[in-house]
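Here's the letter readout for the chains.
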Amino acid sequence: MEYLIGIQGPDFVLVAADNVAASSIIQMKHDYDKMFKLSEKILLLCVGEAGDTAQFAEYIQKNVQLYKMRNGYELSPSAAANFTRKNLADYLRSRTPYHVNLLLAGYDETDGPGLYYMDYLSSLAKAPFAAHGYGAYLTLSILDRHYRPDLTRDEAVDLLKKCVEELNKRFIMNLPSFTVRLIDKEGIHDLEKITSGAK
Amino acid sequence: MALEDICGFKDTPVHRKWFPASHFEDTDRSFHMTDFGLRRLKKSGRNSGIPLQFFIPTLPNSVPFNPRPSLPFSPSNHSVTVSRPFPLSHGTTTLGFIFQGGVIAAADSRASAGGLVACPAVHKITPIHSHLVVTSSGSGADCMLWERILAREIRLYQLRHRRCLSICGTAKLLSFMLHPFKGTDVCVALTLCGWDKEVGPKLIYVCSDGARLNGDIFSVGSGSPYAYGVLDRELRWSLSKEEAISLAREAVFRATHRDAYSGNKVDIFHITAQGWSQRKREDLKEEYYRDMERRAKIVEERKRVTILDALG
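Residues numbered from 1 in each chain as written. Chains lettered and ligands numbered in written order. Predicted model: local features only at pLDDT ≥ 70, side-chain atom pairs only at ≥ 80, totals over all residues. Heavy atoms only, no water.

A. Local environment of the environment of arginine 290 of chain B. Take arginine 290 of chain B: it is sitting in helix α9 (residues 284-311). Within polar-contact distance, the side chain of arginine 290 of chain B engages the side chain of glutamate 287 of chain B at 2.9 Å. (Helix = DSSP H or I, 4+ residues; strand = E, 2+ residues; numbered from the N terminus. Polar contact = N/O pair within 3.5 Å; in protein donor to acceptor, adjacent residues only side chain to side chain.)

B. Region of the structure containing the interface of chain B and chain A. In this complex, chain B contributes 21 residues to the contact, which on the side of chain A involves 14 residues. For the pair chain B and chain A, the summed buried area comes to about 1,400 Å², and 55% of that belongs to carbon and sulfur atoms. Three residues, His179, Lys182 and Leu213 of chain B, lead the burial of chain B against chain A; their summed loss comes to 30% of the area buried on that side. Where chain B packs against chain A, one counts 4 salt bridges. Its salt-bridge partner being glutamate 58 of chain A, residue arginine 212 of chain B comes within 3.4 Å of it at the nearest N-O pair. Counting across the interface, chain B meets chain A through 5 residue pairs in polar contact (both at pLDDT 80 or more). For the side of chain B that touches chain A, the secondary structure elements donating two or more residues are α6 (167-178), β9 (212-214), β10 (217-220) and α7 (224-234) of chain B. In terms of residue class, the side of chain B that touches chain A is made up of 9 nonpolar, 7 polar and 5 charged. (Contact = heavy atoms within 4.5 Å. Buried area = accessible area lost by both parts, 1.4 Å probe. Salt bridge = Lys/Arg side-chain N within 4 Å of Asp/Glu carboxyl O. Nonpolar A, V, L, I, M, F, W, Y, C, P; charged D, E, K, R; others polar.)

C. Representation of the pairing of strand β4 (residues 26-29) of chain A within the structure. Residues and elements named next belong to chain A. Where strand β3 (residues 21-23) lies against β4, 3 bridges are found, and the strand directions are antiparallel. Bridge pairing links serine 23 to isoleucine 26 in β4. Counted between consecutive antiparallel strands, the loop separating β3 from β4 contains 2 residues, among which serine 24 sits at a positive phi close to 50 degrees. (Pairing = 2+ DSSP bridges.)

D. Structural view of the pattern of salt bridges. Scanning the entire structure with this criterion turns up 30 salt bridges over all chains. For the salt bridge of arginine 153 of chain A with aspartate 11 of chain A, the shortest nitrogen-to-oxygen distance reads 3.3 Å. Within this pair, whereas arginine 153 of chain A is found in helix α4 (residues 153-170), its partner aspartate 11 of chain A is found in the loop between β1 (4-8) and β2 (12-18), the two being separated by 142 residues in sequence. Note that aspartate 108 of chain B and lysine 124 of chain B form a salt bridge whose closest N and O atoms lie 3.1 Å from each other. Within this pair, whereas aspartate 108 of chain B is found in strand β2 (residues 102-108), its partner lysine 124 of chain B is found in the loop between β4 (116-119) and β5 (125-129), the two being separated by 16 residues in sequence. Residue classification places lysine 124 of chain B among the buried positions, given a relative accessible area of 6%. Linked by salt bridges that have partners in common, Glu250, Arg254, Glu287, Arg290, Asp291, Arg294 and Arg295 of chain B make up one network. (Buried < 20%, exposed > 50% of the residue type's maximum accessible area, 1.4 Å probe, protein only.)

E. Inspection of the sheet that holds β9 of chain B at higher detail. All names here are of chain B. The strand order across the open sheet formed by 5 strands is β5-β6-β7-β8-β9, and the pairing between neighbours is antiparallel. Looking at the sheet topology across the chains shown, the edges are occupied by β5 and β9. Across the sheet, the axes of successive neighbouring strands diverge by a mean angle of 20 degrees, strand direction being ignored. By the bridge criterion, 7 bridges tie strand β6 (residues 132-138) to strand β7 (residues 188-196) in an arrangement that is antiparallel. Pairing of glycine 138 across the sheet is with valine 188, part of β7. (Axes fitted to C-alpha atoms, helices over the stretch in contact; angles between N-to-C directions.)

F. Representation of helix α1 (residues 50-71) of chain A. Taking 1.5 Å per residue, 22 residues should reach 32 Å; α1 of chain A reaches 33 Å between its end C-alpha atoms and fits that length. Looking only at α1 of chain A, the buried set comprises Gly51, Asp52, Thr53, Ala54, Gln55, Phe56, Ala57, Glu58, Ile60, Gln61 and Val64 of chain A. Elements that come into contact with the buried residues of α1 of chain A comprise β5 (35-39), β6 (42-48), α2 (77-92) and β7 (100-108) of chain A together with α6 and β9 of chain B. Looking one or two residues past α1 of chain A, glycine 72 of chain A carries a phi angle of roughly 85 degrees, positive in sign. (Expected span 1.5 Å × (residues − 1).)

Encoded structure:
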């Protein structure tokens, strides 16, 4: 029911998430933000079971900030991704595993942009583009077809809009709006929300 | 719980008999606890004074607490499972919304147990402090308990830090207190409706699943889809206080009309910067008859007009 997508360019990462917070058949909120800011250049997108998402994401967020306070410098996106994966793995075989699917997007001074795909079984993969949710089944082929490693920012936003169009056409759930953010060497930028027009 | 602390009840032999778990707070017994996998007890030391069984989710093969504490502690090897006498459901309609005049919280007053109306006059909206009320849905017993625990923690915070905890902070505290019980049968879905001195009106939904949502309008319970149907169409920021109250009443009425598990009376609370105020309970039966009369009048009027048109 929820949807996350990330597209990595040569010097930026574009991420988007839907804005619906649902409880069984009811949309309880239409403007819920599923992105958690871990640091100036790292975003964690988190979907999954109701309480686990906010709980786990906030835990990772606070720990990344604590690292910065203790050591004076920030964790790189790759380190943050591996830290997140380790936590997921540790809880996986406990009595209270976290059922969350994540995308971590960040920009590193030395390594450049990075997009990391993680799922509830604590797998981790660095990927040029990724998506979570039922919507991923519909949109991954579009990304496969049109993605190039040297996309400009406008082309990436167009590719994202193509994916959203497909969801509006074929996905059974109504996802009226998507929050879109872009990370580059300047930091995290909020882009215009993509709405389907039908309110 | 609070009375127990004030009276120094903890130190009496009666307390040890009734709450054998609380002597597990002593650190020298902690090694027994890890043996039987009751790790959480060690961490609960900071909640000293609270009977610990409230904070321990029951493990599937948990040892039942013996009424007579025996030393050394000897476990009996049978698991305790209590079969439910009736199916639990969130039989209720509660709602809350923010408008220009503050926050309105409304709820019905029926407590159902399966197909039986267990009580037709329950209070589902409880004040926590002067500027916060909480509407409850889910299991009645769980809600009553957690409301009391929340009220106690907020009051303790106020006494310790000499200021009121913000509504967001209250919601987070409640969410973290409920987190250990995720996956067990604890079922509470509370909407905190309050007024923050700094931020103004606040409406936060907290659920035992762990969800914590900040918003402008929430409706919870089996009657909530019906209530949303009325609220979504007619709710605007610019409503006057009377209009908002009558909208809340209408929404609860329509939900109780359609939902079998909601009904009887409606409670409405209005929260402003000056605090909460409660309206007198209204019986929805009266509302139903008024609605019937209104419709009959409209039909009459229409008939009259068509006859006049036909003649003239």
